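Structural overview
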Amino acid sequence: QVKLQQSGAELVKPGASVKLSCKTSGYTFSTSYMSWFKQIPGQSIEWIGMIYAGDGGTGYNQKFKGKATLTVDTSSSTAYMDLSSLTTEDSAVYFCARNSFDYWGQGVMVTVSS
Amino acid sequence: DVVLTQTPPTLSATIGQSVSISCRSSQSLLDSDGDTYLNWLLQRPGQSPQLLIYSVSNLESGVPNRFSGSGSETDFTLKISGVEAEDLGVYYCMQATHAPYTFGAGTKLELK
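Read on for a plain summary of the structure.

Analysis parameters
Residues numbered from 1 in each chain as written. Chains lettered and ligands numbered in written order. Predicted model: local features only at pLDDT ≥ 70, side-chain atom pairs only at ≥ 80, totals over all residues. Heavy atoms only, no water. Core = buried A, V, L, I, M, F, W, Y, C linked by side-chain atoms within 4.5 Å. Buried < 20%, exposed > 50% of the residue type's maximum accessible area, 1.4 Å probe, protein only. Helix = DSSP H or I, 4+ residues; strand = E, 2+ residues; numbered from the N terminus. Contact = heavy atoms within 4.5 Å. Pairing = 2+ DSSP bridges. Axes fitted to C-alpha atoms, helices over the stretch in contact; angles between N-to-C directions. Buried area = accessible area lost by both parts, 1.4 Å probe. Salt bridge = Lys/Arg side-chain N within 4 Å of Asp/Glu carboxyl O. Polar contact = N/O pair within 3.5 Å; in protein donor to acceptor, adjacent residues only side chain to side chain.

**Digging into the nonpolar core**
Residue and element names in this part refer to chain A. By size, the foremost hydrophobic cluster in this structure holds 26 residues, and its most contacted members are Leu-20, Met-34, Trp-36, Met-81, Leu-83 and Tyr-94. Of all the elements in the fold, those that place two or more residues in this core are β3 (18-25), β4 (33-39), β5 (45-52), β7 (68-73), β8 (78-83), β9 (92-98) and β10 (108-112). If near-sequence neighbours (up to four positions away) are discounted, Leu-20 is found in contact with Ser-7, Glu-10, Trp-36, Ala-79, Tyr-80, Met-81, Leu-83, Tyr-94, Val-108 and Val-110.

Here's what the structure looks like:
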């Protein structure tokens, strides 16, 4: 069955970077799209961007350009998101999801604190 | 960016009651390919969002048929015909017609 398994919670210092992973199984990753989302607890959901695993092509929400970088490793069917120059405003739960939005990762809490 | 306005923000219901949630878009969600990419998702406490309805009115596999979606262009509705306890949580409408994809603010369904 389809699974999206995200990496564990992160506690990072302001100014640092973090790389989140989303390991997939149960479907053909190499010809699929993956989206990433941000949700501050108690608030709605924001779309960060998406990546096509076939050629690594990306599309970003303008709000997250320069903040998030999406990549894939088709050999391990894993999608990655790098978040850079972290501030307290980046503290949130981050989700990966297939672009049909039918399968989501479990989410990963990123806490930015000194 | 497309703004999705959901109403009501909170909904109190008894088990078995039928309820509706409205989602209004700041612009038409009809895509040039003829499809309308308006989806409904449920997020239960502490869980990831779950897709309920895609492209306005298509029931996602495994979702009970007490959920239904309708609407067109800028006006959309999710109906639950007979609320069950497992339906509690926050409902979001989401559009994927125009980049960036956007979500409504959510409607919290509570037990009365």
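**Examining the pairing of β9(A)**
Residues and elements named next belong to chain A. With respect to burial, β9 is a largely interior element, 7 of its 7 residues being buried. Alternating residues of β9 divide into Ala-92, Tyr-94, Cys-96 and Arg-98 and Val-93, Phe-95 and Ala-97, and every residue in both groups is buried. As judged from the 6 bridges shared by β4 and β9, these two strands associate in the antiparallel manner. Across the sheet, the residue bridging to Gln-39 is Val-93, located in β9. Two elements, β9 and β10, share 3 bridges in a ladder whose sense is antiparallel. Bridge pairing in β10 links Tyr-94 to Val-108.

**Some words on the sheet that holds β8(A)**
Residue and element names in this part refer to chain A. Pairing within the open sheet is antiparallel, and its 4 strands lie in the order β1-β3-β8-β7. Single-partner strands in this sheet number two, and they are β1 (3-6) and β7. Across the sheet, the mean angle separating the axes of adjacent strands is 20° when strand polarity is ignored. In the sheet, β1 pairs with β3 via 4 bridges, with the strands oriented antiparallel. Residue pairing for β3: Lys-3 is matched across the bridge by Ser-25.

**A closer look at the side chain of Ser22(B)**
By the secondary structure assignment, Ser22(B) is in strand β3 (residues 18-25). The contact partners of Ser22(B), leaving out residues within four places of it in the chain, are Thr5(B), Gln6(B), Thr7(B), Trp40(B) and Phe76(B).

**As for the interface of chain A and chain B**
Contact residues are listed per partner, giving 18 residues for chain A and 16 residues for chain B. Here chain A meets chain B over a buried area of about 1300 Å², counting both sides, of which 64% is carbon and sulfur. When the buried surface of chain A facing chain B is broken down by residue, Ile45(A), Trp47(A) and Phe101(A) rank first, second and third, together holding 42% of it. Our count for the chain A to chain B interface comes out at 0 salt bridges. If you look at where chain A meets chain B, you find 6 residue pairs in polar contact (both at pLDDT 80 or more).

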